Amino acid sequence: MKAEIAVISSMRRFGENGILGATVVQLPIWIGLAAFFAALLGCGGPVESQVDEDTEGHPLTGEIVEVRATEGILKVAHDDIPDFMPAMTMDFVARRGDLEIFEPGMRIRARLTRGENGEFVLKKIWPLGDSDAEKSIRKATEAQAKRQKEMGSGRYLAEGDEAPEIALYDQFGQLIDGRELRGKFVMMNFIFTRCKDAKMCPLSTSKMARMQRQAKEEGVDNLFFVSVTMDPLYDTPGVLKEYGDLYSIDGDNFRFATGPKAAVRGLLDALGVTSVEKPEGGDYIHSLATTLIGPDGKIVLRSDKSAWEVAEFLELVKG
């Protein structure tokens, strides 16, 4: 049987007063492939439900007692780990990014694993216990889910529309609250740190870094950058900290964002970004969306290509 993959999507712009118009577009064939893989994944059970179902190691919660960065050690007073270990204070091996952002007194959740030499290792470390941050993320996620339902399937935000509310953790383990970004221009895109396609995430991040440097050189001080990961199960705050350092990005006005999968998925859907994990895991079939949000919270310009130009976006910021 001859199979053809063709995707025709009817998409309508949705503004503050409802549907503004409609277009019919022929999407690239690889987005059709993404839908195909999504169907395959669906047959095996919903991937979205696996947020805390990491099979590696044991779930751990506790409070950081000491950070010994030169030794690569976090000392943690951890809670009881059922059927494995009673509560105690121990030294754990941790990655560089985690050692740089987590401090004594902070509560965390992580996965406790064993290294090659039998040492105890903490992976997938997240901040824990900040109820205000959790409430903000949950509120923004629920608001976007409601808005997406009103918009309808296959519709996403376009130029002139109110941008989605952002509430996620950044590469420092702190809350990004979109309300604090009002009054600034915000460049937002979507990446993931394990992306291997040089023309996709690495190129997009390089351009964002170049735009940040150029804006600083030209004295532009009302511009903020947000890069949201498509892979929040892997891209924890510590992983994103290392990724930003790799591109020599200044964290003062540049945040890499991560958090619950539902929160990330809400932003992907809102801006029409396709992101489907491949069956073998660790990689995604995905599209791109680079969006400039104005000081009034509305989308000024968006590009769905990797070939967007820094100058075009920066000129709009400079006015």
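Residues numbered from 1 in each chain as written. Predicted model: local features only at pLDDT ≥ 70, side-chain atom pairs only at ≥ 80, totals over all residues. Heavy atoms only, no water.

### Regarding the overall build of the protein
Okay, step 1: A count of helical and extended segments in the protein gives seven helices and 16 strands.
Okay, step 2: Scored against the burial criterion, the 319 residues of the protein give a buried share of 47%.
Okay, step 3: Residue pairs in contact within the protein that sit at least 24 positions apart in sequence constitute 65% of those at least 6 positions apart.
Okay, step 4: For the protein, the accessible area works out to roughly 15900 Å², and carbon and sulfur atoms hold 52% of it. (Helix = DSSP H or I, 4+ residues; strand = E, 2+ residues; numbered from the N terminus. Buried < 20%, exposed > 50% of the residue type's maximum accessible area, 1.4 Å probe, protein only. Contact = heavy atoms within 4.5 Å. Areas by Shrake-Rupley, 256 points an atom, 1.4 Å probe, with all protein chains shown as cover.)

### So, the environment of Gln214
Okay, step 1: One can find Gln214 in helix α4 (residues 201-217).
Okay, step 2: For Gln214 and Val310, which are 96 residues apart along the polypeptide, the C-alpha to C-alpha distance reads 9.0 Å.
Okay, step 3: Setting aside chain neighbours within four positions, we find Gln214 in contact with Val310 and Leu314.

### Let's talk about the environment of Lys135
Okay, step 1: Positionally, Lys135 belongs in helix α3 (residues 131-151).
Okay, step 2: Between the C-alpha atom of Lys135 and that of Ala167, which follows or precedes it by 32 residues, the distance is 9.6 Å.

### Quick word on the environment of Gly259
Okay, step 1: Here Gly259 lies in the loop between β12 (254-257) and α6 (261-270).
Okay, step 2: If near-sequence neighbours (up to four positions away) are discounted, Gly259 is found in contact with Trp126, Leu168, Pro232 and Val264.

### Focus on the packing of aromatic side chains
Okay, step 1: Under the criterion given, the structure shown has seven aromatic pairs.
Okay, step 2: With centroids separated by 5.6 Å and ring planes inclined at 85 degrees, the aromatic side chains of Tyr243 and Phe256 adopt a geometry described as edge-to-face. With Tyr243 in helix α5 (residues 237-246) and Phe256 in strand β12, this residue pair connects regions lying 13 residues apart in the sequence. No difference in accessibility class separates Tyr243 from Phe256, as the two residues are buried.
Okay, step 3: Three or more aromatic residues link up through ring pairs in this structure, and these residues are Phe225, Tyr243, Tyr247, Phe254 and Phe256.
Okay, step 4: The positively charged end of Arg114 is found above the aromatic ring belonging to Phe120, 4.1 Å away from the centroid.
Okay, step 5: Lying across the ring of Trp308, Lys207 places its NZ or CZ 5.4 Å from the centre. (Phe/Tyr/Trp six-rings, centres within 6.5 Å; stacked < 30°, edge-to-face > 60°. Lys NZ or Arg CZ within 6 Å of the ring centre and 35° of its normal.)

### Some remarks on the confidence of the model for the protein
Okay, step 1: Per-residue confidence for the protein gives a mean pLDDT of 84, with 83% of residues at or over 70.
Okay, step 2: Segment residues 1-51 is flagged for pLDDT under 50; beyond a separation of four residues in sequence, or across chains, it makes 73 contacts in the model. (pLDDT = per-residue confidence, 0-100.)

### Some words on α6
Okay, step 1: α6 sits mainly inside the fold: seven of its ten residues count as buried.
Okay, step 2: Along α6, the residues classified as buried are Lys261, Ala263, Val264, Gly266, Leu267, Leu268 and Ala270.
Okay, step 3: In this structure, the buried residues of α6 make contact with α3, β8 (167-169), β10 (185-191), β11 (223-229) and β13 (275-277).
Okay, step 4: Gly272 lies just past α6 and shows a positive phi near 65 degrees.

### A short note on unusual backbone geometry
Okay, step 1: With phi around 65 degrees, Asp83 is a residue other than glycine that occupies positive phi space.
Okay, step 2: Among the secondary structure elements, Asp83 is positioned in the loop between β4 (73-78) and β5 (88-93).
Okay, step 3: You will see that Lys124, though not glycine, has its phi angle at about 50 degrees, which is positive.
Okay, step 4: Checked against the element boundaries, Lys124 lands in strand β7 (residues 120-127).

### Observations concerning the pattern of salt bridges
Okay, step 1: Scanning all chains against the criterion turns up 19 salt bridges.
Okay, step 2: Of the charged contacts in the structure, one is a salt bridge between Arg95 and Glu242, with a shortest N-O distance of 2.9 Å. In this pair, Arg95 is assigned in the loop between β5 and α2 (96-101) and Glu242 in helix α5, connecting sequence segments 147 residues apart.
Okay, step 3: With relative accessibility at 34%, the residue Arg95 sits in the partly exposed group. (Salt bridge = Lys/Arg side-chain N within 4 Å of Asp/Glu carboxyl O.)

### Notes on the pairing of strand β15 (residues 290-293)
One face of the sheet, then the other: side chains in a regular strand alternate in exactly this way.
Okay, step 1: Residues of β15 alternate between two faces, with Thr290 and Leu292 on one and Thr291 and Ile293 on the opposite face, all of them buried.
Okay, step 2: Bridge count between β10 and β15: three bridges; the pairing is antiparallel. Residue pairing in the sheet places Met187 in a bridge with Leu292 of β15.
Okay, step 3: Between β15 and strand β16 (residues 299-303), which follow one another and run antiparallel, lie five residues, and Gly297 among them has a positive phi close to 85 degrees. (Pairing = 2+ DSSP bridges.)

### Topic: the packing of α3 against α6
Okay, step 1: The geometry of α3 relative to α6 is characterised by a closest axis approach of 9 Å and an angle of 35 degrees between their N-to-C directions. Between α3 and α6 lies a crossing of left-handed hand. In contact with Ile137, Thr141, Gln144 and Gln148 of α3, α6 contributes Ala262, Ala263, Gly266, Asp269 and Ala270.
Okay, step 2: Looking at side-chain class alone, the contact of α3 with α6 contains four nonpolar, four polar and one charged residues. (Axes fitted to C-alpha atoms, helices over the stretch in contact; angles between N-to-C directions. Left-handed = near helix turned anticlockwise from the far one by under 90°. Nonpolar A, V, L, I, M, F, W, Y, C, P; charged D, E, K, R; others polar.)

### Side note on the sheet that holds β10
Okay, step 1: A sheet is described by the order of its strands in space; here five strands give the open sequence β12-β11-β10-β15-β16, paired in mixed fashion. Two strands bound the open sheet, and with one partner strand each, they are β12 and β16. The average angle at which neighbouring strand axes cross in this sheet is 15 degrees, direction not considered.

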